[in-house]
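Spelled out from the first residue to the last, the chains are:
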Amino acid sequence: YINEKNVALINQTLESLTEYCQGPCHENQNCIATHESNGIDIITALILNDINPLGKKRMDLVLELKNNASKLLLAIMESRHDSENAERILYNMRPKELVEVIKKAYQQGEVEFEDGENGEDLAASPRNVGHNIYILAHQLARHNKELQNMLKPGGQIDGDEALEFYAKHTAQIEIVRSDRTMEQIVFPVPSICEFLTKESKLRIYYTTERDEQGSKINDFFMRSEDLFNEMNWQKKLRAQHILYWCSRNMSFWSSISFNLAVLMNLLVAFFYPFKGIKGGTLEPHLSGLLWTAMLISLAIVIALPKPHGIRALIASTILRLIFSVGLQPTLFLLGAFNVCNKIIFLMSFVGNCGTFTRGYRAMILDVEFLYHLLYLLICAMGLFVHEFFYSLLLFDLVYREETLLNVIKSVTRNGRSIILTAVLALILVYLFSIVGYLFFKDDFILEVDKLPNETLLPDQHNEIGEPMTREFLYSNVCKIEDGENCSSVIPSTELASEESEEDKEHTCETLLMCIITVLSHGLRSGGGVGDVLRKPSKEEPLFAARVIYDLLFFFMVIIIVLNLIFGVIIDTFADLRSEKQKKEEILKTTCFICGLERDKFDNKTVTFEEHIKEEHNMWHYLCFIVLVKVKDSTEYTGPESYVAEMIKERNLDWFPRMRAMSLVSSDSEGEQNELRNLQEKLDSTMKLVSNLSSQLTELKDQMTEQRKQKQRIGLLGHPPINVNPQQPA
């Protein structure tokens with residue numbers, strides 16, 4: 001009889017027995033499971049039965065009692081690879097009653113939630129108690145097919161909601177113990193794990209580094225602390241409704257910014273400069289058509305908010321603004337809206353990542369945050385300084401598209417090799433410039449297109465602030481305003497020759513000009529510097545030297561050095577593409593946790609998809625790490641204490657590497673079949689031996705009886721009588 005006076009003693013007893021079994025201690029587990037007092041049946045009865053009249057008055061005490069009883073049964077089965085204790089628990093337990101208790105606890109938790117009682121965080125709240133009993137049923141279901149089928153959502157008419165809820169919030173992982181044995185752990189998912197965003201999951205999944213064993217757990221474990229901090233921040237964010245709403249639609253704000261940037265650049269490209277473009281120039285029937293299109297698109301967006309309808313509404317609204325207020329005011333309004341939108345995006349970015357909570361140092365080192373801050377600055381400069389700054393916003397396409405990022409990486413990844421090759425090209429250009437200056441100075445004659453004469457002389461109104469520049473550039477020009485005589489007559493023949501020579505210039509009068517000419521014209525010409533120099537005659541003494549000079553420049557600079565630079569860039573891009581394909585292949589065919597490949601699960605009881613979803617789900621491992629962080633250390637089970645110690649030491653040996661229990665069990669099943677066959681043969685041989693031994697014993701008894709009979713007859717003095725002539729004497 002359980003009442004309020006003795007329930008505390010019973011709870012203390014259950015907790016003490018649980019501590020004795022956890023660790024695990026198999027001797028204590030066996031002692032409790034096989035004790036002659038049938039304590040297992042008593043503990044099972046505490047879970048399955050309504051404890052009345054205590055339950056009518058103090059349901060909290062009943063829930064605590066059921067919670068401790070379920071923990072004790074779990075402790076009895078903890079870290080065991082046999083089914084002995086589980087079968088002993090199932091012996092007097094009806095699976096249907098256990099499932100009914102789970103559903104009843106869930107429904108009771110719903111009633112308390114509707115009544116406004118916030119007891120979900122308490123250990124003995126109805127839902128938490130039901131969750132512990134569900135985990136107990138999950139562990140027992142491995143040894144009972146009926147219970148396993150009943151726990152599947154959809155298998156029952158009533159109470160599916162409870163089973164779906166507990167199945168969704170229950171996870172399992174596999175760990176490796178210190179003795180290298182594997183163990184499966186089933187645990188409740190902490191409520192804080194629900195605050196991990198989808199963007200963070202995708203970022204971790206695609207950017208985590210892979211080690212030599214095909215596993216990513218080293219980098220994944222190092223990021224778990226940041227993910228835990230992000231969960232805490234997201235939990236706080238839920239209380240700030242405006243910031244949470246902004247952060248939830250972060251991708252939407254990003255797409256709006258990019259679309260506005262493209263639209264503003266189209267307006268600038270087609271209509272700049274904006275002189276003469278004013279509003280109000282549209283004809284009445286076209287104006288009415290625009291108003292109609294805008295209203296129709298608005299109605300479509302309200303009725304069916306689809307992306308195409310929203311784009312049509314935006315386009316018609318912008319056209320209406322252009323013809324109503326003018327192009328430049330419309331561009332200003334779009335720029336102001338883009339600035340506001342980017343501010344909202346920064347708020348959502350900070351809200352998602354919790355940038356300010358990590359300190360100013362982390363904020364400054366956060367490249368992504370600095371990028372978006374620079375984007376906002378460029379938007380403001382385009383709005384208040386000049387419209388041409390909007391063109392820089394188009395580089396956001398590189399940030400948004402991975403293919404373009406690889407194009408940039410193809411140059412920056414091997415930047416040192418490219419820079420050194422470019423330095424080699426500059427050295428060769430310098431050497432060829434020296435040779436050209438020494439031997440072919442007169443061949444550096446280039447055709448030029450000079451500007452008209454009036455542009456060569458500065459206007460009178462530009463003289464202020466430019467006397468030194470004008471004196472330097474136009475020192476040899478005749479100036480009438482200085483009193484010089486510019487009326488000298490030039491012969492027509494000399495004028496014609498001067499005009500023909502005006503189209504050509506010597507570009508190697510100094511070594512610096514020679515270097516600039518070789519660098520500018522030599523690298524940009526397909527045949528090298530020889531394409532832009534004077535074509536020499538074969539009668540000239542340096543004709544052969546000039547041919548060698550042109551060919552050497554072409555082969556050494558154009559063919560070898562420049563192609564080396566292009567080759568480095570192309571090879572790097574090809575490597576990036578192959579790495580991307582290999583990474584995608586690894587993600588599809590390799591387990592994130594253990595590194596086993598898909599073909600290892602061919603013809604096995606568990607498929608690769610089931611393995612990565614149920615046995616080695618990466619997010620289940622993260623949830624278990626979070627569980628160890630948020631759970632009271634005094635409430636740890638044996639495996640949780642072991643993992644907590646390993647996490648504290650930053651030791652990753654508890655993660656399975658190139659191992660899975662399903663594969664081990666499949667291999668052991670084959671060995672067990674062989675052992676079973678050998679055992680059957682051994683049993684049949686033992687039966688045969690026992691039969692032979694029994695026959696020998698009977699024969700021995702018969703011989704002994706006959707010997708006694710002969711001795712008895714000999715003592716009486718009668719001759720022996722052979723009744724059976726074939727019987728030996």
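Residues numbered from 1 in each chain as written. Predicted model: local features only at pLDDT ≥ 70, side-chain atom pairs only at ≥ 80, totals over all residues. Heavy atoms only, no water.

Participant: Explanation requested: the side chain of threonine 170 in the structure shown.
Facilitator: Here threonine 170 lies in strand β1 (residues 170–176). Polar contacts involving the side chain of threonine 170 include one to the side chain of histidine 131, which spans 2.7 Å. Within the structure, threonine 170 has its side chain in polar contact with the backbone oxygen of tyrosine 166 (distance 2.4 Å). Here threonine 170 is in contact with His131, Tyr134, Ile135, Val186, Phe187 and Val189, once residues within four sequence places are set aside. (Helix = DSSP H or I, 4+ residues; strand = E, 2+ residues; numbered from the N terminus. Polar contact = N/O pair within 3.5 Å; in protein donor to acceptor, adjacent residues only side chain to side chain. Contact = heavy atoms within 4.5 Å.)

Participant: Would you explain the pairing of strand β2 (residues 182–188) in this entry?
Facilitator: A regular strand places its side chains so that they alternate between the two faces of the sheet. Within β2, 6 of the 7 residues are buried, leaving the element largely enclosed by the surrounding structure. Between the antiparallel neighbours β1 and β2 lie 5 residues, among them arginine 180 with a positive phi of about 70°. (Buried < 20%, exposed > 50% of the residue type's maximum accessible area, 1.4 Å probe, protein only. Pairing = 2+ DSSP bridges.)

Participant: Teacher, can you tell me more about the layout of surface pockets here?
Facilitator: To find leftover empty space, one rolls a probe the size of a water molecule over the atoms. Of the volumes computed, that of the second largest pocket is approximately 2300 Å³. Within the lining of the second largest pocket, the residues separate by chemical class into 14 nonpolar, 14 polar and 21 charged. Counting contributing residues per domain, the lining of the second largest pocket is built from domain 2 (240–276 + 329–387) and domain 4 (401–447 + 504–589), each supplying no fewer than three. (1 Å grid on protein atoms, 1.4 Å probe; cavity = no way out; pocket = protein on both sides within 12 Å on 5 of 7 lines; lining within 4 Å. Points joined across faces, edges and corners; volume = space filled by probe spheres on them. Nonpolar A, V, L, I, M, F, W, Y, C, P; charged D, E, K, R; others polar. Domains from an automatic or database assignment.)

Participant: How do you make sense of the UniProt feature "transmembrane region" (unreviewed entry) in the chain when you look at a structure like this?
Facilitator: Taking the UniProt record as the reference, the feature "transmembrane region" (unreviewed entry) is found at residues 252–274, 286–305, 317–337, 343–361, 373–398, 418–440 and 547–570. Between the first and last C-alpha atoms of residues 418–440 the distance is 31 Å; the span itself is 96% helix and 0% strand. Structurally, residues 547–570 comprises 100% helix and 0% strand, and the distance from its first C-alpha atom to its last is 32 Å. (UniProt positions renumbered as here; feature names shortened; annotations may be inferred.)

Participant: Before we go on, may I ask you to explain unusual backbone geometry in this structure?
Facilitator: Both trends apply: most residues other than glycine have a negative phi, and most peptide bonds are in trans. A positive phi is found at arginine 180, a non-glycine position, where the angle reads about 70°. Note on placement: arginine 180 falls in the loop between β1 and β2. Despite not being glycine, arginine 650 shows a phi value in the positive range, around 55°.

Participant: Is there a simple way to explain empty space enclosed by the protein in this structure?
Facilitator: In this structure the tally under the stated criterion is 1 cavity of 30 Å³ or more. Of the volumes computed, that of the largest cavity is approximately 40 Å³. Every residue along the wall of the largest cavity is listed here: Ser254, Ser257, Lys342, Phe345, His372, Tyr375, Asp396 and Tyr399. At the level of secondary structure, the elements contributing two or more residues to the lining of the largest cavity comprise α14 (250–271), α17 (327–353), α19 (367–384) and α20 (396–400). Residues that form the lining of the largest cavity fall into these classes: 3 nonpolar, 3 polar and 2 charged.

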